[in-house]
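Examination of the molecular architecture
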Amino acid sequence: MQPGEFWLMLEAHARRQKERDRRAAYFLSYLMAPYMKEGTKIDIEDIVAPLWGEAEERKKQKEAEASARRKEDRAVLEAEFAWALRRE
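Source: prediction; values computed, not measured. (Residues numbered from 1 in each chain as written. Predicted model: local features only at pLDDT ≥ 70, side-chain atom pairs only at ≥ 80, totals over all residues. Heavy atoms only, no water.)

**Topic: the pattern of salt bridges**
The tally for this structure, following the rule as stated, stands at two salt bridges. In this structure, the salt-bridge partner of R22 is E45, at a minimum N-O distance of 2.5 Å. With R22 in helix α1 (residues 3–32) and E45 in helix α2 (residues 44–87), this pair connects stretches of sequence that are 23 residues apart. According to the relative accessible area criterion, E45 is partly exposed, its value standing at 38%. Its salt-bridge partner being R74, residue E78 comes within 3.2 Å of it at the nearest N-O pair. Of the two residues, E78 and R74 are both situated in helix α2; the distance of four residues between them amounts to about one turn of the helix. (Salt bridge = Lys/Arg side-chain N within 4 Å of Asp/Glu carboxyl O. Helix = DSSP H or I, 4+ residues; strand = E, 2+ residues; numbered from the N terminus. Buried < 20%, exposed > 50% of the residue type's maximum accessible area, 1.4 Å probe, protein only.)

Shape descriptors only; they carry no functional weight alone.
Set out below in C-alpha coordinates:
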(Lines give C-alpha, C1' and ligand atoms only; values in the text may rest on other atoms or scores of the structure.)
Protein backbone atom coordinates (compact mmCIF):
# COMPACT_ATOMS: atom_id res chain seq x y z
CA MET A 1 0.00 0.00 0.00
CA GLN A 2 1.35 3.39 -0.97
CA PRO A 3 1.27 6.38 1.40
CA GLY A 4 -1.36 8.17 -0.69
CA GLU A 5 -3.62 5.13 -0.59
CA PHE A 6 -3.13 4.86 3.16
CA TRP A 7 -4.22 8.49 3.68
CA LEU A 8 -7.26 7.94 1.46
CA MET A 9 -8.15 4.91 3.57
CA LEU A 10 -7.87 6.98 6.77
CA GLU A 11 -10.04 9.75 5.32
CA ALA A 12 -12.65 7.21 4.24
CA HIS A 13 -12.65 5.71 7.72
CA ALA A 14 -13.17 9.15 9.29
CA ARG A 15 -16.04 9.83 6.85
CA ARG A 16 -17.70 6.53 7.76
CA GLN A 17 -17.32 7.31 11.46
CA LYS A 18 -18.98 10.69 10.96
CA GLU A 19 -21.83 9.01 9.09
CA ARG A 20 -22.28 6.54 11.98
CA ASP A 21 -22.23 9.37 14.50
CA ARG A 22 -24.80 11.28 12.48
CA ARG A 23 -27.07 8.24 12.25
CA ALA A 24 -26.83 7.65 16.00
CA ALA A 25 -27.56 11.35 16.64
CA TYR A 26 -30.63 11.14 14.40
CA PHE A 27 -32.13 8.31 16.44
CA LEU A 28 -31.05 9.87 19.73
CA SER A 29 -32.88 13.09 18.82
CA TYR A 30 -36.10 11.11 18.36
CA LEU A 31 -35.54 9.21 21.61
CA MET A 32 -35.01 12.47 23.52
CA ALA A 33 -37.93 14.36 21.92
CA PRO A 34 -40.64 13.20 24.38
CA TYR A 35 -38.54 14.31 27.35
CA MET A 36 -37.81 17.81 26.08
CA LYS A 37 -39.73 20.89 27.21
CA GLU A 38 -42.48 22.06 24.93
CA GLY A 39 -41.25 24.40 22.25
CA THR A 40 -37.68 23.14 22.39
CA LYS A 41 -36.22 20.90 19.77
CA ILE A 42 -32.97 18.99 19.81
CA ASP A 43 -31.22 19.03 16.49
CA ILE A 44 -28.82 16.44 15.12
CA GLU A 45 -26.13 19.12 14.90
CA ASP A 46 -26.56 19.87 18.62
CA ILE A 47 -25.65 16.27 19.40
CA VAL A 48 -22.88 15.85 16.85
CA ALA A 49 -21.11 19.22 17.31
CA PRO A 50 -19.24 18.26 20.52
CA LEU A 51 -18.02 15.06 18.88
CA TRP A 52 -16.49 16.75 15.84
CA GLY A 53 -15.88 20.28 17.08
CA GLU A 54 -12.63 19.60 18.89
CA ALA A 55 -11.06 17.78 15.95
CA GLU A 56 -12.03 20.53 13.53
CA GLU A 57 -10.71 23.20 15.90
CA ARG A 58 -7.41 21.34 16.22
CA LYS A 59 -7.21 21.05 12.44
CA LYS A 60 -7.80 24.79 12.01
CA GLN A 61 -5.20 25.54 14.68
CA LYS A 62 -2.63 23.32 12.97
CA GLU A 63 -3.34 25.01 9.63
CA ALA A 64 -2.91 28.44 11.23
CA GLU A 65 0.39 27.37 12.83
CA ALA A 66 1.63 25.96 9.53
CA SER A 67 0.69 29.17 7.76
CA ALA A 68 2.56 31.23 10.36
CA ARG A 69 5.63 29.01 9.98
CA ARG A 70 5.51 29.39 6.20
CA LYS A 71 5.35 33.18 6.55
CA GLU A 72 8.31 33.18 8.94
CA ASP A 73 10.31 30.90 6.65
CA ARG A 74 9.50 33.08 3.68
CA ALA A 75 10.59 36.22 5.54
CA VAL A 76 13.88 34.56 6.49
CA LEU A 77 14.48 33.39 2.93
CA GLU A 78 13.64 36.80 1.51
CA ALA A 79 16.04 38.44 3.96
CA GLU A 80 18.79 35.95 3.10
CA PHE A 81 18.18 36.23 -0.61
CA ALA A 82 18.16 40.03 -0.52
CA TRP A 83 21.42 39.94 1.48
CA ALA A 84 23.00 37.63 -1.10
CA LEU A 85 21.96 39.95 -3.94
CA ARG A 86 23.40 43.01 -2.20
CA ARG A 87 26.69 41.22 -1.71
CA GLU A 88 27.15 40.51 -5.41
